[in-house]
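Observations on chain architecture
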Amino acid sequence: MTALLIILAAIAVLIIGYVTYGSWLAKQWGIDPTRKTPAVTMEDGVDYVAAPPAVLMGHHFSSIAGAGPINGPIQASVFGWIPVFLWCVLGGIFFGGLQDFGSLFASIRTRGKTVGEIIKDSMGTRAQKLFIIFALLVLILVIASFVNVVAGTFFTPADGQMGIVADPTGNQTTAMVSVLFIVLAIIYGLLTNKVGMKTIPATVIGIIGIILALIIGLNFGIGMGRTAWIILIGVYITIASLIPVWIMLQPRDYLSSFLLYAMILVAVCGIVYSAFSGTTTFQLPAFTGWSTKLGPMFPALFITVACGACSGFHSLISTGTSSKQLDSESHAKAIGYGSMLIESALGVISLIAVGMVFDKFTAGEFGSPSVAFAQGIAAMFHGSPVIAALLTLAVSVFALTSLDTGTRLSRFMFGELFLKEGEATYRDAKGVRKVLANPLFGTAFMVIIGCVLGGLSLSQIWGLFGAANQLLAGVALMAVCEWLGQAGKNNKMFYFPMAFMLIATETSLVITIFKKFQLIGAGGAAWGDWFQLVFAVAMAVLAIILVIEAIGTFGKGKKQTA
């Protein structure tokens, strides 16, 4: 019954937050349904493509969610359910939702500009270039983390199982369905954008396609090793980031959102069923102590939960892709703010799931938090292997959607880094900058580095990813706060969240740097430790410089029109 009360409390508070605080933010900033969005005024058929609200909701929600709200809260569960619950719910309402909604609003009011371009307008070119470098470091970690997660749910450990196999294992099933999902997305994109089919009939066809893909995947799988999958995933995300959004990004994320909604529904049904049938016992203590194997609660809790409460990656999605597809400002609150609160609810569900198998989780019986999530929900249904397999598939699909979007964002930002004032695309650049700003070069550069790092263990990547991601959130909050102030709109609600996130993440990075120096001094460092040290130092320094730049311009910049 404890688990049921936890999820009911979370849903109630999140709904209240959406209706009250979300509506207040929309009123403060002046959301105008009659105003045309960049997707309408700047339509180009590639990046600026107005999408039906349901389709864009699917893209945005799938992209920001990924595996983050599952991995983060489960790893942080060692602190007990109360701290994680409070941070997911309150963090989602007052931190994550604020950042996502604010970033989306700022972008649609600045012709679909990215966070980096918004920083350029409010703080100058130097601050923009520093932010882009910082964001690209974060995106490398995003690619590495989710390549690791996806490859981990695809690969076949046993030798001699290459190619199509009958009676597949869970991983082979996941791989097959995910590949079929890609084919299905292309078909959906062609039906809606070239054939002219309406959203509802195309959606029905898409859902039927999902069911068929699941049936095929349960009978025939793909067997390949981990390295081979990492290479293929790298090739896929490179292609997906370069083609028009209507071919892959929009339809794939929209269709995968149905899996995400279904996963949430199955999980909630499992919690209710378990509460009254007694199939499982909620084993997670309310509070375990102020310090755990992750370190002290501050800053470890606020770094580890990551996407379940607040995520800087979301600001890149809001300004990099979603703002270029929003067909009306009237949908900005639901997509920008509402999606984050649904993700917070998913974070609480993940917390409950691990609570059902917490003894096994702490004993190390699961290879990853994703497996713990799937097994925890399955335990509510008497340990159903079908439920476990489908949930593992869902986690993999969402991680792949985050990879799609993250790689596309890398392409945008890498090109921005090498363009000068007045140069719209790489074709306008001169000399070596024309090569560096080329979308193919930037995409390949980021993907290769991300895939190489994706070969590390998830534990070597996630802690640094969490710190970098939350630090990016602090910087994004700062950027939107500055822009709102110059636009003459209320920005005071940003002060505490941005200060808190910046302090928490800088503290975490300092702790990481200190520990890595200790490990290196003792002679026990591997190349992964050196990687973590270099990245931690680079991000900590860049963030401090950006804060100094912001302080120098705060409230002094030229008034923007919004």
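Overview of the structure.

Rules and cut-offs
Residues numbered from 1 in each chain as written. Predicted model: local features only at pLDDT ≥ 70, side-chain atom pairs only at ≥ 80, totals over all residues. Heavy atoms only, no water. Helix = DSSP H or I, 4+ residues; strand = E, 2+ residues; numbered from the N terminus. Rg over C-alpha atoms; globule rule 2.2 N^0.38 Å. Buried < 20%, exposed > 50% of the residue type's maximum accessible area, 1.4 Å probe, protein only. Contact = heavy atoms within 4.5 Å. Areas by Shrake-Rupley, 256 points an atom, 1.4 Å probe, with all protein chains shown as cover. Lys, Arg positive; Asp, Glu negative; His and termini not counted. Charge placed at Lys NZ, Arg CZ, Asp CG, Glu CD. Core = buried A, V, L, I, M, F, W, Y, C linked by side-chain atoms within 4.5 Å. Expected span 1.5 Å × (residues − 1). Axes fitted to C-alpha atoms, helices over the stretch in contact; angles between N-to-C directions. Left-handed = near helix turned anticlockwise from the far one by under 90°. Nonpolar A, V, L, I, M, F, W, Y, C, P; charged D, E, K, R; others polar. Phe/Tyr/Trp six-rings, centres within 6.5 Å; stacked < 30°, edge-to-face > 60°. Salt bridge = Lys/Arg side-chain N within 4 Å of Asp/Glu carboxyl O. Polar contact = N/O pair within 3.5 Å; in protein donor to acceptor, adjacent residues only side chain to side chain. Patch = residues over 30% accessible without salt bridge, like charges linked within 9 Å, V, L, I, M, F, W, Y side chains within 5 Å. Parallel < 35°, antiparallel > 145°, perpendicular 65-115°, else oblique.

Take the overall build of the chain next. A count of helices and strands for the chain gives 22 helices and four strands. For the chain, the C-alpha radius of gyration of 22 Å lies close to 24 Å, the compact-globule estimate for 562 residues. Along the first, second and third principal axes, the C-alpha set of the chain runs to 60 × 55 × 50 Å. Sorting the 562 residues of the chain into buried and exposed places 60% on the buried side. Relative to all contacts within the chain whose residues are 6 or more apart in sequence, the contacts with residues 24 or more apart total 86%. Carbon together with sulfur atoms contributes 69% to the accessible area of the chain, which is approximately 20,300 Å² in total. A gap of 7 Å separates the mean positions of the 31 positive and 24 negative side-chain charges of the chain.

With that settled, consider the nonpolar core. Judged by nonpolar contacts, the single largest core of 188 residues is most densely connected at Phe 131, Phe 134, Ile 352, Phe 373 and Met 539. Per-element tally for this core: the top contributor is helix α7 (residues 125–154), with 21 residues. Ignoring any residue separated from it by four or fewer positions in sequence, one finds Ile 352 in contact with Ala 3, Ile 6, Ile 7, Ile 271, Phe 282 and Met 380.

End to end, helix α8 (residues 170–195) covers 36 Å across 26 residues, agreeing with the expected 38 Å (1.5 Å per residue, within 8%). Looking one or two residues past α8, Gly 196 carries a phi angle of roughly 90°, positive in sign.

On to the packing of helix α21 (residues 495–521) against helix α22 (residues 527–553). Interaxial distance between α21 and α22 falls to 9 Å at its minimum, and their mutual angle equals 145°. Like other packed secondary-structure pairs, α21 and α22 cross with a definite hand, here left-handed. Across from Leu 502, Glu 506, Leu 509, Thr 512, Ile 513, Lys 516, Phe 517, Leu 519 and Ile 520 in α21, the residues of α22 making contact are Asp 529, Trp 530, Gln 532, Leu 533, Ala 536, Val 537, Met 539, Ala 540, Ala 543, Ile 544 and Val 547. Class assignment of the residues belonging to the contact of α21 with α22 gives a composition of 15 nonpolar, two polar and three charged.

This brings us to the packing of aromatic side chains. Per the stated rule, a full pass over the model turns up 33 aromatic pairs. Arranged with centres 5.8 Å apart and planes meeting at 75°, the rings of Phe 95 and Phe 500 form a pair that is edge-to-face. Taken together, the residues Phe 95 in helix α5 (residues 81–108) and Phe 500 in helix α21 connect sequence positions 405 residues apart. On the basis of relative accessible area, Phe 95 is assigned to the buried category, the value being 8%. On the numbers, 6.3 Å between centres and 55° between planes, the contact of Phe 101 with Tyr 337 is tilted. Of this pair, Phe 101 sits in helix α5 while Tyr 337 sits in helix α14 (residues 332–356), placing them 236 residues apart in sequence. Comparing Phe 101 with Tyr 337 shows no difference in burial state: the two are buried. One aromatic cluster in this structure is built from Tyr 18, Tyr 21, Trp 24, Trp 29, Phe 94, Phe 101, Phe 105, Tyr 337, Trp 483 and Phe 494.

Here we take up the pattern of salt bridges. For the structure shown, the criterion picks out seven salt bridges. Across the pair Glu 329 and Arg 109 runs a salt bridge, and its minimum N-O distance is 2.7 Å. Of this pair, Glu 329 sits in the loop between α13 (312–320) and α14 while Arg 109 sits in the loop between α5 and α6 (115–123); the two residues are 220 residues apart in sequence, bridging distant segments of the chain. Among the residues examined, Arg 109 registers a relative accessible area of 8% and is labelled buried. Three or more residues are tied together by salt bridges with common partners; here these are Asp 47, Arg 408 and Arg 411.

Positionally, Ser 318 belongs in helix α13. Residue Ser 318 is classed as buried on the basis of its relative accessible area of 0%. At 3.5 Å, the side chain of Ser 318 forms a polar contact with the backbone oxygen of Asp 100. If we skip the residues at most four places from it in the chain, Ser 318 touches His 60, Asp 100, Ser 103, Leu 104 and Ser 323.

Okay, a nonpolar patch on the surface next. Together, Ile 200, Val 204, Ile 207, Ile 208, Ile 211, Leu 212 and Ile 215 line one region of the surface with nonpolar side chains, adding up to about 640 Å² of accessible area. We classify Ile 208 as partly exposed; its relative accessible area is 47%.

Attention now goes to the packing of helix α10 (residues 226–242) against helix α19 (residues 439–453). Contact pair α10 / α19: the axes reach a minimum separation of 10 Å and the direction vectors enclose 150°. Classified by the angle their axes make, α10 and α19 are roughly antiparallel. For the crossing formed where α10 meets α19, the hand is right-handed. Contacts between α10 and α19 involve Ile 230, Gly 234, Ile 237, Thr 238, Ser 241 and Leu 242 from the former and Pro 439, Leu 440, Thr 443, Val 447 and Cys 451 from the latter.

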